[in-house]
Number of protein chains: 2
Amino acid sequence: MEERSISDVIEAYLKSILGDDPKIEIRRAEIADHFDVVPSQINYVIKTRFNLQNGYLVQSKRGGGGYIRIERVNLLDDSDVLEMVIDSIGTAISEKDAIRIINTLYEEKLISHREGDLMLVAISKATLKQDDRRAEARLRARILVALLTRLRYE
Amino acid sequence: MEERSISDVIEAYLKSILGDDPKIEIRRAEIADHFDVVPSQINYVIKTRFNLQNGYLVQSKRGGGGYIRIERVNLLDDSDVLEMVIDSIGTAISEKDAIRIINTLYEEKLISHREGDLMLVAISKATLKQDDRRAEARLRARILVALLTRLRYE
DNA sequence: CCCTTCTTGACTAATCTTGACCTTAATGAT
DNA sequence: ATCATTAAGGTCAAGATTAGTCAAGAAGGG
């Protein structure tokens, strides 16, 4: 995977550390300094690449001895996590967030490449396009939740 | 092959790069600059020459480190059959007819049991339920067509 | 001439980067 | 104990950097 932006580089760096251990703790200022970016950029990377929909749990603490803890969660072993993902979808979801979830399912080997593609086309903007954007997001949520629920109880 | 327009030249250029690798990533502004055309011309070339019907998948990202990714995909043997099924669906389809089609796909071994289940969930009345029955049938047709279209390629 | 395809650019949208300002926690002085 | 200080991380919005859309006009081919 080509790293085009510094955010991509930081993402790859954090994931390389995560390769060893399923859980890491970093100090935000340290990472920011290492890549010569402002500290809030680390928040941006975490928010866009290490959220629950991507299969990560993040906790942090401020003040002296503060840290950011990133943990890779396994959707297979932890059926609660899949339920959390379903809950996080709620009654509406954007195409982008839905894609993120399906990608995670594939990376976690819960679904095959082809199954993932089928799910992707079923929830895609091109397929569901409606006049009312909110109606589209609600519909997408219903379909995705139905698909995930099916995966949960097979 | 006679290239009579700059769009043809750009098409040939992109395909020559694709000769090596089944997947390439370009920066729109770079290609546009190289051929001295406006950036949106690249979109035109991609839209008219690198769409799914022509056997190409295209993905892109905007913003810093943005790109356009073009991937060549292979048509499957059953592609023609699927196209005929797609044509028969038209713009609307009932749940019963959709189930019949998906069952046939499974019996013909075009899809696995699990893929069939996922497709069934995606087009089921329970998932798509709408006030307007015709709108529901139209939506179901769009989703089913999208799924079948995906099955035509690998 | 008419119709399709191509070319161009103004406007829009998504993503990334940066920095000012805010909140929380630990520590030490009184 | 209380409060000020210091040391973290959080939020948000503006600006920068790409790509996308759309429609008007030009160019080509019957």
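Below you will find a few notes about this structure.

### Some thoughts on the protein's contact with DNA strand C
The environment of DNA strand C is made up of 27 residues, and the closest members are A:Ser7, A:Ser40, A:Tyr44, B:Gln41 and B:Tyr44. The protein-proximal atoms of DNA strand C, defined as those within 4 Å of the protein, are 64% sugar or phosphate. Within the side chain of A:Lys61, one N or O atom sits 3.1 Å away from a phosphate oxygen of DNA strand C. Elements supplying a minimum of two residues to the surface near DNA strand C: α1 (6-18) and α3 (40-49) of chain A together with α1 (6-18) and α3 (40-49) of chain B. Of the residues belonging to the surface near DNA strand C, the class tally is seven nonpolar, twelve polar and eight charged.

### Details of the sheet that holds strand β2 (residues 56-61) of chain A
All names here are of chain A. Within the open sheet, the three strands sit side by side as β1-β3-β2. Their pairing is antiparallel. The open sheet has two edge strands with one neighbour each: β1 (23-26) and β2. For this sheet, the mean angle separating the axes of adjacent strands, direction not counted, is 15 degrees. Of the strand pairs in this sheet, β2 and strand β3 (residues 67-72) are connected by six bridges, and their pairing is antiparallel. Bridge assignment links Leu 57 to a residue of β3, and that residue is Glu 71. With respect to the sheet, α1 is in contact with β1, β2 and β3, its orientation differing from that of β1 by roughly 130 degrees.

### What to know about the packing of helix α6 (residues 113-123) of chain A against helix α8 (residues 133-152) of chain A
All names here are of chain A. Axis separation between α6 and α8 bottoms out at 9 Å; the angle between their running directions is 155 degrees. When the axes of α6 and α8 are compared, the pair comes out roughly antiparallel. Contacts between α6 and α8 involve Met 119, Ala 122 and Ile 123 from the former and Arg 140, Ile 143, Leu 144, Leu 147, Leu 148 and Leu 151 from the latter. Its residues assigned to classes, the contact of α6 with α8 shows eight nonpolar, no polar and one charged.

### Things to note about the packing of aromatic side chains
How two aromatic rings sit relative to each other is given by the distance of their centres and the angle of their planes. This model, assessed by the stated rule, comprises four aromatic pairs over all chains. It is A:Lys15 that lies over the ring of A:Phe50; its NZ or CZ is 5.7 Å from the centre.

Reading the values: the criteria
- Residues numbered from 1 in each chain as written.
- Chains lettered and ligands numbered in written order.
- Predicted model: local features only at pLDDT ≥ 70, side-chain atom pairs only at ≥ 80, totals over all residues.
- Heavy atoms only, no water.
- Near = heavy atom within 4 Å.
- Polar contact = N/O pair within 3.5 Å; in protein donor to acceptor, adjacent residues only side chain to side chain.
- Helix = DSSP H or I, 4+ residues; strand = E, 2+ residues; numbered from the N terminus.
- Nonpolar A, V, L, I, M, F, W, Y, C, P; charged D, E, K, R; others polar.
- Pairing = 2+ DSSP bridges.
- Axes fitted to C-alpha atoms, helices over the stretch in contact; angles between N-to-C directions.
- Contact = heavy atoms within 4.5 Å.
- Parallel < 35°, antiparallel > 145°, perpendicular 65-115°, else oblique.
- Phe/Tyr/Trp six-rings, centres within 6.5 Å; stacked < 30°, edge-to-face > 60°.
- Lys NZ or Arg CZ within 6 Å of the ring centre and 35° of its normal.

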